[in-house]
Amino acid sequence: MRGGRAVGRAAARGWRAASNGAGGEVYNEPGGRLFGEAPRQPGERRQWAVWEYVWYPTLLGAAIICGVGLSAAPDTRIKQWAIEEAREREQRLVAKVRAADAAKAAETVEVVAAVEGASVSAVAAAAGDPVEAPAAEP
């Protein structure tokens, strides 16, 4: 238990010493140098640091990969899904209506043929609808 207090006191003394300036304060006077670089002469190019040769091409590559990746990503918005779903439902409904209309037209041709006493293919040909005649029963 006593060892823990001693460490705590030493740490507190070190903090106090640093706060009083005994450890030396680190303060950079403003000298007009951004990031510690000396001002360049007009027309003089800045020399890159070693890490910049790796950093900038990597950053550019990551930006290109993100741009391509995000442009190729699927559209997952709810509105886009709803539009596609509505189109699919409309196509199914139109297909059902067309099938029902075709069945109704064939039924109408059969009824007219029965009323007039003509064959189904004759009535269909007169109406301009190519309906196949039903197979004759033996």
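Placed above this text is the structure.
Draft legend 1. Main features of the pattern of salt bridges. Considering all chains together, one arrives at four salt bridges under this definition. The partner of E52 in a salt bridge is R46, and the shortest N-O contact between them spans 3.1 Å. We classify R46 as partly exposed; its relative accessible area is 32%. Residue D75 is joined to R77 by a salt bridge in which the shortest nitrogen-to-oxygen separation is 2.9 Å.

Draft legend 2. View of the packing of aromatic side chains. According to the stated counting rule, one finds three aromatic pairs in the structure shown. Consider the rings of W48 and Y53, whose centres lie 5.3 Å apart with planes at 55°: the pair is tilted. Ring geometry for W48 against Y56: centres 5.2 Å apart, planes inclined by 50°, an arrangement best described as tilted. Through pairs of rings, three or more aromatic residues link up here, namely W48, W51, Y53 and Y56.

About the cut-offs
- Residues numbered from 1 in each chain as written.
- Predicted model: local features only at pLDDT ≥ 70, side-chain atom pairs only at ≥ 80, totals over all residues.
- Heavy atoms only, no water.
- Salt bridge = Lys/Arg side-chain N within 4 Å of Asp/Glu carboxyl O.
- Buried < 20%, exposed > 50% of the residue type's maximum accessible area, 1.4 Å probe, protein only.
- Phe/Tyr/Trp six-rings, centres within 6.5 Å; stacked < 30°, edge-to-face > 60°.

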